[in-house]
Structures are given as C-alpha cells and as structure tokens.
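Read off the chains here:
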Amino acid sequence: MKKLNVAIIGQGRSGRDIHGNFFKSEDNTKYNVVAVVDELEARRNRAKEEFPNATIHASYTELFGRDDIDLVVNSTFSQQHAEISIDLLNHGFNVVCEKPMAKTYEDGCRMVNAAEKNGKMLNIFQQSRFAPFFVKIKEILASGILGEVIDVQSNYGGFSRRWDWQTSLDHAAGNVRNTGPHPLDHALDLFGFCDDISVFSKIACYNEFGDAEDYVKIILTAPGKHLSEITISSYNGYGQPTYVISCKNGCLKANANEIEIKYFDPKTAPEHKHTVTPLEKEDGTPAYCSETLDWKTETIPVEGTAFNKGSLEYYNMIYDYLVNGKEMVITPYQVLKQLKIIDLIHAQNPLTIKPELRK
C-alpha cells in the first residue's frame, strides 16, 4: 500500500495530542510523518524523540521547496489558520486545517480560492462527523422508526474555568469557534447543508481571566426543517446527554458511549378522531385525553470516539481522495456555511477585547 508523507505544523493539544497521536497509533497504516514544525524549542526537542524519522523545524516556511510531502496538517493558533493555509496552498501543498476553518467567512473563501487556483486539496478537520455515536444517530433517524424529527438539542461543555489562549478574542478563540464547529457541523449535516438557515443566538463572557465567550446558546431552523438548539456552556456542572432528539413517534438521547431510544409503531397505536366535545369517563366525570401506547425501548452501546475512530475515518477519507480520487464526505464548502453562521452569531453578540489582553 502506498503511504502518504505528512508534515505537522504545531505540537500543541491538536497537533501532538490528536493528529500526532493518530499518526503514531496502530490504526494508522497509510501515513508517514516526515516533518514536524513548532516555534517552541522544548516542543521541537520532544518531537525529535517522538518522531525520530521526521525533520524538525522552527518555521513552516522551511518546508517550502520540498517535494516529498503529500499533506500538511495545519494545527496552529486559530487566528493563523487562514493565512498559513493559503501560504501552504500557494506553495503547492495539500492542506488539512484544524477547526475553526478561519476567523471569518471571507477568510474561508480566500482559503478555498487558493486551493482551487493551485489545484490542491483543502479540507477541515471536522472529524466529529465520523464520531461513532453521531454516525449511529443518523442511522437511527434515517431508519424512520422515530418518525419525523421535530427538535434536536445538543449540549457541550461542563464547569470549567480557563485562562489560556482559548479565552482571547484576538486569538479567534471562544466557545463558538473552539467547540462550536463540532455541534454546528452536526446540525448542518442533519439539515442536509441547506441554505436559508435562521439563526438566534446568545453568547457572553463571564470568565474573569479572558474576554472570549464561554457561554453559548444557538437556535437554528430552516423552511421545512426541525429546530436545532445548541448549548456550549462552561457553567453547567451537571452531566447531561450530549443529544436529546424529539420525533413524531419517539425520542432519542445519546452521549459518546451510549444511545437510548424510545418509540412506538403508529400502525398499532389506538385510533382516534378529533373532537371538541368534552371527554368523559364511564361514570360521566371529566376525563383527561390519554392513551396507552406500546412503547419500545432500546439501549445501544457505542464503541470508539471522535478522537480514535473519528480520526481514522477522517484520514481514510483524505487518503481515498488523494490516492484513489474518491469524493470526500466532508468538504470546505460545507464548512463555509458554518462560518457564515459563526459570523452572524458574533454580529448578533458583539464582544469587546479587553485592552489589557490585546496582543
């Protein structure tokens, strides 16, 4: 099997702990890491030990001119994603860029234009599309046993106080751009990536250490579609299902490890006719409108996460595109729709950069 040579830019939580760990894992049979880049000397020294067959660099520009690199993974700071990805594309590299794709829709369009102009691949690491629990949710909904989807609620977060760069507006940080790409990608996928999406949002920063939002509420809908409600809160210390989905014939709740469904078969349900006549019991006293349904329940265990199984499926997709010419399930055009929504969310909720936190 042909292997692709990869360069990783950044050795932080994403570049090392997600991408790097995948490429070093037994699941990876299709990629070789041949170059690693990081501005920090300590991280470069560690990379020498962890990737002994790779060249180590302080700047990504040191990769320019090499013809032995099939793919570059851009795991830099969020505010650098667009400019570095465009520079890489202009120098003839295929690029996988970490989320968020870019700070703005306009920047995302510039990235796509650079890929098209240079005839190179650009993709965004939305590996949560392949998270096993979400794949199973889509299978259940597509089966029709729950009926028409009415309402989708997703909850991300917990109780946490942060003081790192992910709390800084000037680093394109905050819960919308940091965590938001995962539930937003799921929501758009369940909408079929349609247009004309209406957006209501509330974001706020309660974090005394930073100025980027740490509370997010997003409500989405579109003509003929269900309602989708996304909560990303750093102030909810209670464990909640990641998803609760209400449908015409049942409901679903799910987290990364388990899915529960409860539903009935409308063909075997009691028949009723609409009436405005007051309902009565046999003794003539008032009755409440109620019935007994034959509920069926199932608990479905889920194996794998977005970070192992999801990463594997994502990089299989990239490999199949670059080597076999197979169409990609995740495209930058889909992620551009996400950036439009993120732009609108921030326009609806303008936040102010704290002067003392300006870089």
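The rules behind each value
- Residues numbered from 1 in each chain as written.
- Predicted model: local features only at pLDDT ≥ 70, side-chain atom pairs only at ≥ 80, totals over all residues.
- Heavy atoms only, no water.
- Pairing = 2+ DSSP bridges.
- Helix = DSSP H or I, 4+ residues; strand = E, 2+ residues; numbered from the N terminus.
- Axes fitted to C-alpha atoms, helices over the stretch in contact; angles between N-to-C directions.
- Contact = heavy atoms within 4.5 Å.
- Parallel < 35°, antiparallel > 145°, perpendicular 65-115°, else oblique.
- Nonpolar A, V, L, I, M, F, W, Y, C, P; charged D, E, K, R; others polar.

A. Just the sheet that holds strand β5 (residues 95-97), in detail. Spatial strand order, β3-β2-β1-β4-β5-β6: six strands in an open sheet with parallel pairing. Both edges of this open sheet fall to β3 (55-57) and β6 (122-124), since each of them pairs with a single strand only. Pairs of neighbouring strands in the sheet enclose a mean axial angle of 25°, with direction left out of account. Across six bridges, the pairing between strand β1 (residues 4-9) and strand β2 (residues 31-37) is parallel. Across the sheet, the residue bridging to Ile 8 is Val 36, located in β2. Packed onto the sheet, helix α3 (residues 81-90) meets β1, β4 (71-74), β5 and β6 and runs at close to 175° relative to β5.

B. Structural detail: the packing of α3 against helix α4 (residues 105-118). Direction vectors running N to C along α3 and α4 enclose 10°, while the axes themselves pass 9 Å from each other. Judged on the interaxial angle alone, α4 and α3 are roughly parallel. Contact with α3, carried on its side by His 81, Ala 82, Glu 83, Ser 85, Ile 86, Leu 89 and Asn 90, involves Asp 107, Arg 110, Met 111, Ala 114, Ala 115, Lys 117 and Asn 118 of α4 and no other residues of that element. Across the contact of α3 with α4, the residue classes tally to six nonpolar, four polar and four charged.

C. Structural view of the sheet that holds strand β14 (residues 296-301). Within the open sheet, the eight strands sit side by side as β8-β9-β10-β7-β11-β12-β13-β14. Their pairing is mixed. At either margin of the open sheet sits one strand with a lone partner, and together these are β8 (198-204) and β14. Across the sheet, the mean angle from the axis of one strand to that of its neighbour is 10°, orientation sign disregarded. Both strand β13 (residues 258-263) and β14 contribute to a ladder of six bridges, which runs antiparallel. When the sheet's bridge partners are listed, Lys 262 is paired in β14 with Thr 297.

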